[in-house]
Amino acid sequence: MLQTRVIPPAENAYQYPLLIKSLLLSGVRYERNREIVYRDKVRYTYPTLIERVARLANVLSAAGVKAGDTVGVMDWDSHRYLECMFAIPMLGAVLQTINIRLSPEQITYTMNHAGAKFVLCNSEFIPVFNGIAAHLHSVQKTILLTDGEEKTADLFNLVGEYESLLAAASPCYDFQDFDENSVATTFYTSGTTGNPKGVYFTHRQLVLHTLAVSTTLGSLDGNRIMGNSDVYMPITPMFHVHAWGMPFAATMLGLKQVYPGRYDPEFLVELWKKEKVTFSHCVPTILQMVLNAKAAQGVDFKGWKLIIGGSALNRSLFLNAKERGMHLTTAYGMSETGPIISGAYLNDGDLAGTEDQRTASLLKAGVPVPLVQARIIDAEGKSLPHDGHAQGELVLRAPWLTMAYFNEPEKSAELWEGGWLHTGDVAAIGTGGAIEIRDRIKDVIKTGGEWISSLELEDLISRHPAVREVAVVGIPDERWGETPFALVVLRDGESLDAASLQMHMLPFVDQGRINKWGIPRSIALVSEIPKTSVGKLDKKVIRLQIAQWQTEGSSVISSL
Ligand code: AMP
């Protein structure tokens, strides 16, 4: 350590902790009349948001919530969730955003592991909650969230219904200062193997993340996509990395915010129209769902800027969305990283280049946002050059990465081996610093000594005009170790077999984009591709499904 002049606490007249409450209090200074909207049911302005957060804090305190307690929320994206994102951490308690799409066993595991003492539960999840209540070790009290009239429900140790409790509570609460390194939020990774793992974020981390997100989205001329006159609507569940941290940024800046509840693509399109939404974020499969909605047909989406992250965005979906008027920007991150790590950016060179070069830049995971450090390393942990070619595991440092997996010392040591967070992603980094994710380490297809990126194959296959959606996995092969297998959803009225797919892929072999082993010898035409709880391609389930088809000799498979 360098011997610097550190200010001793006694010389420090006032220690300003970076706390989430500061984010809540700034938006209203700019715009008092901007609205928070929930479906077609609720709308109110920023002063009311602040008041409702105070009411909720009073309700929770009266129910016994103390600093350090964990409070779980089971809800769709709503104004109530937004209120919880502030009130719970502002009390010094920890907000657990419960992934309601996990299996009941996994939900039980995450609540027990986090030690959730209180749960705010949407009436839709009462059957799930009651089904697991007997196995929950720490939950003491519940609060009912509902869009309906019911004020009571058959819910374990129910304190009451949210709106009635808020209405009866004081609209003032004196939120105390505390250490900025206090944990504010926790949630569990969707974990394709083993139990879900808990990650957690402190007030300081979330404040810095919010500042970095706002700076990146609002200040870079190459990609200025969120200012405070935008109208924000998440299409990422709030349980998935706090809707990528965007509600904190939107609130800090005073944007109009629209919360859509349970996702129904037809309703999302209607809400987008009605509320004049201009800024959203989602995974590629949700974007596809929105574009396919009946209500979306013939609609010009001009003016809708979307961040697409969580999975690779392929070229045909990008172009399709662009044709329909949307402005897409890719971003990269993980549950462990809070999530923002990088975002697509068009530099002067890109802007002066061809349309094709710009598209290629926009499809990359992008440039690390301010304060993020990114490296790629080989299997021995040695740094690889940032030349756009060398590929290795992406490792990261930033002030807002989870410090560990909660109560999982071994997995935490692996995550932070060598003092860098290991992403489990294979990437290349260009000379300018842009990250290109080649694949998840465990999804790379190892065939005949070659490593083939399943993401690249998906991108190339998606360019076939008959293909609406595609997933590629490596399946065991006696001769080559693994061989690629494609699951394809066709566009209406189209057809495809393994031979015509081969014809489509051969030019990419000639251009040197892939080697010939990259052409899937087998494909399956399906009506739907299995997805994870947050809408990503579920490659584990896909592999199991293919193995089963192979055992049964199923006719869905077309082979060369
Ligand atoms: P999760 O923690 O469930 O959000 O998953 C994080 C993983 O999603 C990363 O490790 C990547 O494999 C993948 N991912 C996220 N963003 C992108 C992106 N822009 N391009 C490719 N893969 C991505």
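Look above for the structure.
Note that this is a predicted model, so its numbers are computed, not measured.

Can you help me understand the site of the ligand in this one?
Lining the immediate surroundings of the ligand are 14 residues, of which H240, A331, S335, D425 and K536 lie closest. Here an oxygen atom of the ligand and a side-chain polar atom of R440 are 3.1 Å apart. Alone, the ligand offers 500 Å² of accessible surface; in the complex the protein occludes 90% of this. When residues of the shell around the ligand are traced back to their parent elements, those giving at least two are β14 (327–333) and β20 (435–440). Looking at the shell around the ligand, the element that brings in the most residues is β14, giving 3 residues. Looking at the shell around the ligand residue by residue, the class counts come to 5 nonpolar, 6 polar and 3 charged.

Where do I start with the side chain of S412 in this structure?
Tracing the backbone shows S412 in helix α15 (residues 409–415). A residue is classified by how much of its surface remains accessible, and S412, at 11% relative accessible area, is buried. Among residues more than four places away in sequence, those in contact with S412 are A404 and Y405.

I would appreciate a short explanation of the packing of aromatic side chains in the present structure.
Where two aromatic rings form a pair, the distance of their centres and the angle of their planes describe that pair. Throughout the structure, instances matching the rule amount to 12 aromatic pairs. Where Y200 meets F406, the ring centres are 6.2 Å apart and the plane angle is 80°; that geometry is what we call edge-to-face. Within this pair, whereas Y200 is found in strand β9 (residues 198–202), its partner F406 is found in the loop between β18 (392–397) and α15, the two being separated by 206 residues in sequence. With relative accessibility at 18%, the residue Y200 sits in the buried group. Three or more aromatic residues joined by ring pairs form one cluster here, namely Y232, Y259 and F279. The ring of Y405 has K197 sitting right over it, with the charged end atom 5.1 Å from the ring centre. Seen from the ring of W420, R375 lies directly overhead, with NZ or CZ sitting 4.6 Å from the centre.

How each quantity is defined
Residues numbered from 1 in each chain as written. Predicted model: local features only at pLDDT ≥ 70, side-chain atom pairs only at ≥ 80, totals over all residues. Heavy atoms only, no water. Near = heavy atom within 4 Å. Polar contact = N/O pair within 3.5 Å; in protein donor to acceptor, adjacent residues only side chain to side chain. Areas by Shrake-Rupley, 256 points an atom, 1.4 Å probe, with all protein chains shown as cover. Helix = DSSP H or I, 4+ residues; strand = E, 2+ residues; numbered from the N terminus. Nonpolar A, V, L, I, M, F, W, Y, C, P; charged D, E, K, R; others polar. Buried < 20%, exposed > 50% of the residue type's maximum accessible area, 1.4 Å probe, protein only. Contact = heavy atoms within 4.5 Å. Phe/Tyr/Trp six-rings, centres within 6.5 Å; stacked < 30°, edge-to-face > 60°. Lys NZ or Arg CZ within 6 Å of the ring centre and 35° of its normal.

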